[in-house]
Amino acid sequence: MEGAGYRVVFEKGGVYLHTSAKKYQDRDSLIAGVIRVVEKVRWEGAGLEPAPSGMQALWDDSSGGDSCASEEEPTFDPGYEPDWAVISTVRPQPRHSEPTRGAEPSCPQGSWAFSVSLGELKSIRRSKPGLSWAYLVLVTQAGGSLPALHFHRGGTRALLRVLSRYLLLASSPQDSRLYLVFPHDSSALSNSFHHLQLFDQDSSNVVSRFLQDPYSTTFSSFSRVTNFFRGALQPQPEGAASDLPPPPDDEPEPGFEVISCVELGPRPTVERGPPVTEEEWARHVGPEGRLQQVPELKNRIFSGGLSPGLRREAWKFLLGYLSWEGTAEEHKAHVRKKTDEYFRMKLQWKSVSPEQERRNSLLHGYRSLIERDVSRTDRTNKFYEGPENPGLGLLNDILLTYCMYHFDLGYVQGMSDLLSPILYVIQNEVDAFWCFCGFMELVQGNFEESQETMKRQLGRLLLLLRVLDPQLCDFLDSQDSGSLCFCFRWLLIWFKREFPFPDVLRLWEVLWTGLPGPNLHLLVACAILDMERDTLMLSGFGSNEILKHINELTMKLSVEDVLTRAEALHRQLTACPELPHNVQEILGLAPPTEPHSPSPTASPLPLSPTRAPPTPPPPTDTAQQPDSSLEILPEEEDDGADS
């Protein structure tokens, strides 16, 4: 290593990966390795390293050594830190046959390895005192976390001391186990390491960084979302037995009464109908092109959806682009007006010169983010696949024009997921833009920086689930999953990534009817959890397994089964004579307690265009500003066996 131009400043053996979430690890779940600090923090599997004392009893095997996984890329699970877990792309752990006692591992030494440049480190999380083995979790600037490193022979404190020579490790004011990483003077680094890149100077408090860009890792890493709602940066209560942080708030959502027990009647049987055909739609068109018997037509769309050939026309009505009451001539005049309006807005950003854009950091940032997201949106769909695809160009232009249309909101990651199916169905730039604007009127609160709407929706989802299935809620609470943070992506982009593409089209058109009341999307989430109830409760899942199981449902759900169950849940709730008033508000059965005008810039909840939105509770300031008086890493003894 010295001869390669690098100097090893720290080396420690007996650093293990625990690939199982179980409290007591078996032999096949432990992978021994060595950690070194050169220009990077690097961990390498150490092959047949002898097991430390005390490990034989855990393995019930005297052969020593460490198991190796197959060459397939594994998914490592730290086991204790679901608040840092990456769940948006989880592959099942491959099963291995039981090794012969005393046999050597089949994979070569060094098959397991990973590293991270010091300049890429964002924070380091340390285990809670009192564990058998202390561990560290390294979190990168990109928002992902490396597998937890378990120091079976001690050394976490020594490693942190070495890192503190080249990095500024500041203890978080909210959590003494979390160290935020800031750069020292770059000259100190260049003197110590060769070829080390300079640090990103934009370092700040973890909470404030999340609030500045809450969606940058929502779809590739769930950690920021999970931290935000699980309160990972909040102090652990004294004497708490769990190594997980508490939920952010034990109080009920403002305006919600406490529910002790509600006796629901039997769940009714629901049968969905066939899709609305073009012939059936034509029977609702009057002599002047005005739609007739609109409530009946909406009920049919709710119960069966639309045939594919009808969507291009019907979605314009469902999304408010065309009026249900307008005539054919009025629709033509409206489209001409909206076409002119669209291209005037598009010209605003099209006419910006490169020199102007260099002085417009906001527009430049939107353009860069949109280009990045569009390049990876639904690329397996034939409408968007291949290089130089014209569909991608239309996605890009519509999203940039939306930034001109809604300056305050601009572009946030996830919006391309909402536009893609609309453009696929409408296949017209102008019409797709205005339909997208109609959809955004329903869900724009999901993308607000304060996250008040998302927190409010999760609170309402929890309230519905508490009434429908208190035993499931108690189980989730016992596994530190009661905040339902794993439902964040579901609600954010209306299950866009949970169902196959054709099923998303059916789901959205049903939800857009606004029937049988507002917030049906919350009952869709309840329906999915209800379908998975037995699997979750009878499998002995911990919080990490719950996160993984929910994520692995992606593309395995039947939209018709989910919609049938969601409607049955709605009927079951509405038939209850003792339904609490706040649940009635969620279902649209009762007016808000204190009505007032909603925010002009963000709809408080996704609702039907024909229904007035309920009153949001007053926003609370949950963001914590960076503390300028962060303390440098304190001196303390190692945890547990880590000495």
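Refer to the preceding data block for the structure.
All values derive from a computational prediction rather than experimental measurement. (Residues numbered from 1 in each chain as written. Predicted model: local features only at pLDDT ≥ 70, side-chain atom pairs only at ≥ 80, totals over all residues. Heavy atoms only, no water.)

A few words now on the overall build of the protein chain. The number of helices and strands found in the protein chain is 23 helices and twelve strands. A burial count over the protein chain gives 55% of its 643 residues as buried. Within the protein chain, residue pairs in contact and separated by at least 24 positions form 72% of the contacts whose partners lie at least 6 positions apart. Surface summary for the protein chain: the accessible area is close to 28600 Å², and the carbon and sulfur share equals 50%. (Helix = DSSP H or I, 4+ residues; strand = E, 2+ residues; numbered from the N terminus. Buried < 20%, exposed > 50% of the residue type's maximum accessible area, 1.4 Å probe, protein only. Contact = heavy atoms within 4.5 Å. Areas by Shrake-Rupley, 256 points an atom, 1.4 Å probe, with all protein chains shown as cover.)

Here we take up the environment of M531. With respect to the element layout, M531 can be found in helix 19 (residues 520-531). When the C-alpha positions of M531 and L557 are compared, they lie 9.7 Å apart, and in sequence the two are 26 residues distant. If sequence neighbours within four positions are ignored, M531 has contacts with D561, V562 and R565.

Before going further, it helps to examine the packing of aromatic side chains. Scanning the model with the defined rule gives 21 aromatic pairs in all. For the pair Y402 and Y405, a centre-to-centre distance of 5.8 Å together with 40° between the ring planes defines the contact as tilted. In this pair, Y402 and Y405 both sit in helix 12 (residues 390-405), three residues apart, roughly one turn of the helix. Y405 sits in the partly exposed class, given a relative accessible area of 33%. With a centroid separation of 5.6 Å and an interplanar angle of 90°, the aromatic rings of Y405 and W434 are classed as edge-to-face. Residue Y405 is located in helix 12, and its partner W434 is located in helix 14 (residues 429-443); the two are separated by 29 residues in the primary sequence. Over the face of the ring belonging to W434 we find K338, whose NZ or CZ atom lies 4.2 Å from the ring centre. (Phe/Tyr/Trp six-rings, centres within 6.5 Å; stacked < 30°, edge-to-face > 60°. Lys NZ or Arg CZ within 6 Å of the ring centre and 35° of its normal.)

Taken in spatial order, the four strands make up an open sheet running 1-4-5-6, and their pairing is antiparallel. Strands at the two margins of the open sheet, each flanked by one partner only, are strand 1 (10-12) and strand 6 (113-117). Each neighbouring strand pair of the sheet contributes to a mean axis angle of 10°, computed without reference to strand direction. Where strand 4 (residues 33-37) and strand 5 (residues 40-45) come together, five bridges link them in antiparallel fashion. For R36, the partnering residue across the bridge sits in strand 5 and is R42. (Pairing = 2+ DSSP bridges. Axes fitted to C-alpha atoms, helices over the stretch in contact; angles between N-to-C directions.)

What describes two packed helices is the angle between their axes and the distance between those same axes. Viewed as axis vectors pointing N to C, helix 15 (residues 452-468) and helix 22 (residues 559-574) meet at an angle of 70°, and their least axial separation amounts to 11 Å. Here helix 15 is positioned roughly perpendicular relative to helix 22, judged by the angle of their axes. Between helix 15 and helix 22, the residues in contact are L464, V467 and L468 and L569, Q572 and L573, respectively. (Parallel < 35°, antiparallel > 145°, perpendicular 65-115°, else oblique.)

The next thing to look at is the packing of helix 15 against helix 19. Between helix 15 and helix 19, the least distance of the axes is 10 Å, while the angle of their chain directions is 50°. In terms of axis orientation, helix 15 runs oblique to helix 19. Crossing of helix 15 over helix 19 shows right-handed handedness. Each of Q457, R460, L461, L464, L465 and L468 in helix 15 lies in contact with helix 19, whose residues at this interface are H521, L522, L523, A525, C526 and L529. (Left-handed = near helix turned anticlockwise from the far one by under 90°.)

Turning to the pairing of strand 7 (residues 121-126), a few remarks are in order. Most of strand 7 sits inside the fold, with six of its six residues counted as buried. Summarising the sheet, strand 7 and strand 8 (residues 134-140) pair through five bridges and their orientation is antiparallel. Residue pairing in the sheet places R126 in a bridge with L136 of strand 8.

The topology assignment puts N519 in the loop between helix 18 (501-512) and helix 19. Residue classification places N519 among the buried residues on the basis of a relative accessible area of 3%. Among the polar contacts made by the side chain of N519, one reaches the main-chain carbonyl oxygen of I586 at a distance of 2.8 Å. (Polar contact = N/O pair within 3.5 Å; in protein donor to acceptor, adjacent residues only side chain to side chain.)

By secondary structure assignment, the location of P470 is in helix 16 (residues 470-478). A relative accessible area of 30% places P470 in the partly exposed class. Residues P470 and V262 lie 208 residues apart in sequence; the distance between their C-alpha atoms is 9.4 Å.

On to the nonpolar core, then. Core analysis: the biggest nonpolar cluster contains 114 residues, and M415, I422, F439, F447 and W512 have the highest contact counts within it. If one sorts the elements of this core by residue count, helix 14 sits on top with eleven residues. V9, I35, L121 and I124 belong to the second largest nonpolar core, which has 29 residues in total. (Core = buried A, V, L, I, M, F, W, Y, C linked by side-chain atoms within 4.5 Å.)

Summarising the element assignment, R311 is placed in helix 8 (residues 308-318). At 2.8 Å, the side chain of R311 forms a polar contact with the side chain of E509.

Turning to helix 14, a few remarks are in order. Owing to its 3.6 residues per turn, the α-helix brings residues three or four apart onto one side. Over its 15 residues, helix 14 runs 21 Å from end to end, which matches the ideal 21 Å to within 8%, given 1.5 Å per residue. Across the 15 residues of helix 14, 14 count as buried, placing the element largely inside the fold. The residue sitting at the N-terminus of helix 14 and contributing the capping side-chain oxygen is N428; that oxygen lies 3.1 Å from the backbone nitrogen of V430. (Expected span 1.5 Å × (residues − 1).)

Here we take up unusual backbone geometry. Following L515, the chain continues into P516 via a peptide bond in cis, with omega recorded as -5°. Assignment of secondary structure puts P516 in the loop between helix 18 and helix 19. Unusually for a residue other than glycine, D378 sits at a positive phi of about 50°. Looking at the secondary structure, you find D378 in the loop between helix 11 (361-374) and helix 12.

Keep in mind these numbers describe shape, not what the thing actually does.
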